[in-house]
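Tertiary structure, described
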Amino acid sequence: MSATSKRAVHVVGVGMIPFTKPGASEPYTQMGARAAQLALQDAGLAYDRVQQAYVGYVYGDSTAGQAAIYGVGLSGIPVFNVNNNCSTGSSALFLARQAVESGMIDCAIALGFEQMQPGALKGAWDDRPSPMARFAEVMSAHQGYDPQAPRAAQFFGGAARDHMRQYGTRADTFGRISVKARQHAARNPLAVFRQTLTLDEVMASAGVFDPLTRFQCCPPTCGAAAAVVCSADFARRHGLNQQVVIAAQAMTTDRPSTFDSDDMRRVVGYDMSVAAARQVYEAAGIGPEDLDVVELHDCFTANELITYEALGLCGEGGAEQFILDGDNTYGGRIVTNPSGGLLSKGHPLGATGLAQCYELTQQLRGQAEQRQVEGARTALQHNLGLGGACVVTLYQATGAAA
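Think of each chain on its own: its residues are numbered from 1, step by step along the sequence as written. Residue-level local features of this predicted model are given only where pLDDT is at least 70; pairs of side-chain atoms are given and counted only at 80 or more, and the full residue set underlies all totals for whole chains, interfaces and linings. For side-chain calculations, the full set of non-hydrogen atoms in the structure is used, while hydrogens and water are omitted.

**A closer look at the side chain of Thr252**
Locating Thr252 in the fold gives a position in strand β8 (residues 244-252). We call two N or O atoms a polar contact when they sit within 3.5 Å, provided that within protein one can donate a hydrogen and the other can accept it, with sequence-adjacent residues counted only if both atoms are side-chain atoms. One polar contact links the side chain of Thr252 to the main-chain carbonyl oxygen of Met272, over a distance of 2.8 Å. Pairs of residues are marked as contacts when any of their non-hydrogen atoms sit within 4.5 Å. Look past the residues within four positions of Thr252 in its chain and what remains in contact with it is Met272, Ala275, Ala276, Gln279, Gly388, Ala389 and Cys390. Secondary structure elements are taken from DSSP: a helix is a run of H or I of four residues or more, a strand is a run of E of two residues or more, and numbering for both begins at the N terminus.

**Some thoughts on the packing of helix α11 (residues 270-284) against helix α12 (residues 301-310)**
Think of each axis as a best-fit line through the C-alpha atoms, taken over the contacting stretch in the case of a helix, with angles from 0 to 180 degrees between the N-to-C directions. Two numbers describe how α11 lies on α12: the axes approach to 9 Å, and their chain directions differ by 40 degrees. Looking at the two axes, α11 sits oblique to α12. Seen from above, α11 lies across α12 with right-handed handedness. Here Tyr270, Ser273, Val274 and Ala277 of α11 come into contact with α12, specifically with Ile306, Glu309 and Ala310. Gly falls in the polar group here, along with every residue not listed as nonpolar (Ala, Val, Leu, Ile, Met, Phe, Trp, Tyr, Cys, Pro) or charged (Asp, Glu, Lys, Arg). Looking at the contact of α11 with α12 residue by residue, the classes come out as five nonpolar, one polar and one charged. Just so you know how the angles are binned, under 35 degrees is roughly parallel, over 145 roughly antiparallel, 65 to 115 roughly perpendicular, and the rest oblique. If you view the pair so one helix is near and one far, a crossing is left-handed when the near helix is turned anticlockwise from the far one by less than a right angle, and right-handed when it is turned clockwise.

**Observations regarding the layout of surface pockets**
One number sums up the size of the second largest pocket: a volume of about 280 Å³. For each structure, a 1 Å grid was placed over the protein atoms alone; sets of points admitting a 1.4 Å probe that cannot get out are labelled cavities, open sets with protein on both sides within 12 Å along at least five of seven lines are labelled pockets, and lining residues have an atom within 4 Å of a point. Along the wall of the second largest pocket there are 17 residues; nearest its centre are Glu101, Ala247, Ala248, Gln249 and Ala283. Elements that contribute at least two residues to the lining of the second largest pocket include exactly α3 (88-101), β8 and α11. Here the residues of the lining of the second largest pocket sort into 11 nonpolar, two polar and four charged. Grid points are joined across faces, edges and corners, and a volume is the space filled by probe spheres set on the points.

**A few points about the packing of aromatic side chains**
By convention, a stacked pair of Phe, Tyr or Trp rings (six-membered ring in the case of Trp) has centres within 6.5 Å and planes under 30 degrees apart, an edge-to-face pair has planes over 60 apart, and any other such pair is tilted. For the coordinates displayed, the defined rule picks out six aromatic pairs. A centroid spacing of 5.3 Å and a plane angle of 25 degrees characterise the contact between Tyr28 and Phe113, whose relative ring orientation is stacked. A residue pair is termed long-range when its members are at least 10 positions apart, and Tyr28 in helix α1 (residues 28-43) and Phe113 in strand β4 (residues 107-114) qualify at 85 residues. Ring centres of Tyr57 and Phe113 lie 5.3 Å apart, and the angle between their planes is 5 degrees; on these two criteria the pair is classed as stacked. In this pair, Tyr57 sits in the loop between β2 (52-56) and α2 (64-69) while Phe113 sits in strand β4, placing the two residues 56 residues apart along the sequence. Relative accessibility thresholds used throughout: buried, under 20% of the residue-type maximum; exposed, over 50%; partly exposed, between the two (1.4 Å probe, protein chains only). Residue Tyr57 is classed as buried on the basis of its relative accessible area of 5%.

**Thoughts on the environment of Gln396**
Along the chain, Gln396 turns up in strand β12 (residues 389-397). Using a relative accessible area of 24% as the deciding quantity, one classes Gln396 as partly exposed. The spatial distance from the C-alpha of Gln396 to the C-alpha of Gly340 is 21 Å, given a sequence separation of 56 residues. Not counting the four nearest positions on each side in its chain, Gln396 is found in contact with Gln243, Val244, Val245, Ala247, Ile286, Leu364, Arg377 and Thr378.

**Description of the pairing of strand β11 (residues 378-385)**
Most of β11 is tucked away, with eight of its eight residues classed as buried. By the alternation rule, side chains of β11 split into Thr378, Leu380, His382 and Leu384 and Ala379, Gln381, Asn383 and Gly385, which are all buried. Pairing of strand β9 (residues 293-295) with β11 involves three bridges; the strand directions are parallel. Looking at β11, one finds that Glu295 is bridged to Gln381. Strand pairing is assigned whenever DSSP detects at least two bridges linking the two strands. Judged from the eight bridges that link them, β11 and β12 form a sheet pairing that is antiparallel. Across the sheet, residue Leu380 finds its bridge partner in β12, namely Leu394.

**A short note on unusual backbone geometry**
As a rule of thumb, non-glycine residues mostly have phi less than zero, and peptide bonds are mostly trans rather than cis. The omega torsion of the bond from Asp210 to Pro211 falls at 10 degrees, within 30 degrees of zero and hence cis. Position of Pro211 relative to the elements: it lies in the loop between β5 (207-209) and β6 (212-213). Between Gly387 and Gly388 the backbone carries a cis peptide bond, its omega angle lying at 5 degrees. Along the chain, Gly388 falls in the loop between β11 and β12. Of note, the phi angle at Thr63 is positive, near 65 degrees, even though the residue is not glycine. With respect to the secondary-structure elements, Thr63 resides in the loop between β2 and α2. The phi angle at Glu369 is positive, at roughly 55 degrees, despite the residue not being glycine. Counting through the fold element by element, Glu369 comes out in the loop between α15 (349-365) and β11.

**A few points about the pattern of salt bridges**
Two side chains with opposite charge may pair up if their charged atoms get near one another. In what follows, salt bridge is the name for a side-chain nitrogen of Lys or Arg lying within 4 Å of a carboxyl oxygen of Asp or Glu. Tallied over the full model, the rule gives 17 salt bridges. A salt bridge links Arg265 to Asp263, with the shortest nitrogen-to-oxygen separation between them at 2.9 Å. In this structure, Arg265 and Asp263 share a single accessibility class: buried. Arg371 is the partner of Glu359 in a salt bridge, and the nearest nitrogen-oxygen pair spans 3.1 Å.

**Observations regarding the state of the cysteines**
Cysteine sulfur atoms that come within 2.5 Å of each other are treated as a disulfide pair. The final tally for this structure, using the stated rule, is zero disulfides. Lacking any disulfide linkage, Cys314 is separated from the closest cysteine sulfur, that of Cys390, by 16 Å.

**Some points on the pairing of β2**
Of all five residues that make up β2, five are buried, and the element is covered over most of its length. Relative to β4, β2 is paired through five bridges, and the arrangement is parallel. Residue pairing across strands places Gln52 opposite Ala108, the latter belonging to β4. The pairing of β2 with strand β3 (residues 79-82) spans four bridges and is classified as parallel. Note on β3: the bridge partner recorded for Gly56 is Val82. Whether a crossover is right-handed depends on one test, that the path from the first strand over the helix to the second runs clockwise when the strands point away from the viewer. Note that the unit made of β2, α2 and β3 has a crossover that is right-handed.

The structure is reproduced here in structure tokens:
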């Protein structure tokens, strides 16, 4: 199918279960099945109409995707297991969208789940090279390595330090992002942390890796989310809601600048984000000034801050003023992470990208209740995984329901 004949892909159903702390969740099989069932119910579609399933998770055995989706039905369809670190959920969505857009199938489900353990992220294997080895070597050469601090916090804390060094960004500016995240999450019944925090409380919480404090780091979380995508013709034939269309989507991976720029912002994916966003804006024929709402990958406050610049929500070096002016929340220029983001909603790695899709679909349908961004018509999603991959997705409201 040529580029000019690609089919429109609609998000016709979304489902998400409440996120929880490790140890408080159901097994991944039950979480995944519940999220998929909710997405199908939301679509008003029977599982036997779905032609392919793309299932994402990071910590789990091979074919865990089948184990989860089999709780919905045994229809014999292809089930693809996806693992792309923290961008896993959006990677599953990317593949589902691509399959429908190409004309190979008419309807697919993307499902993501994670049953996490308490504590900092760590690899599962110690008898083979780590996929993160090259990244860790670059980080160590640039800023050293602290064996007492979580490695992920060192990556993103280093990005914060480099932004501070280059632009004079103050430490408490990062903390303001956590305050905003908690304010948004207080309106989200599916978020794991719904208690608001003051800036003093954020900055006084235990240090993790300067300038990041405990309340500036996303928590390990368990949860699941799913989305059903299909062609416009399939939606019409089955009387499905066509209000939300994926207008553009791009996935990028690392280039040489990740490793040779001597800048931790680039080590953690800044350039991947820039490239993916540019591809999406160009494909959709819009710019960041046309966005109404954004869900972006705020695994640490540092990443939210640098991602404002990477996505073009403000100019490079302009993120601090963007935050101080309140342009990242209700009443400002663009509402970012109305769900509470990874910082407060939680970050079950495989589910995060699809939880972002859930939030933005609700926003474009006008169904986000207390979190609703008034008049939202265009929404951008950013999901990042070190190692690395970045997926940026643009959704638009079409005005057509069923």
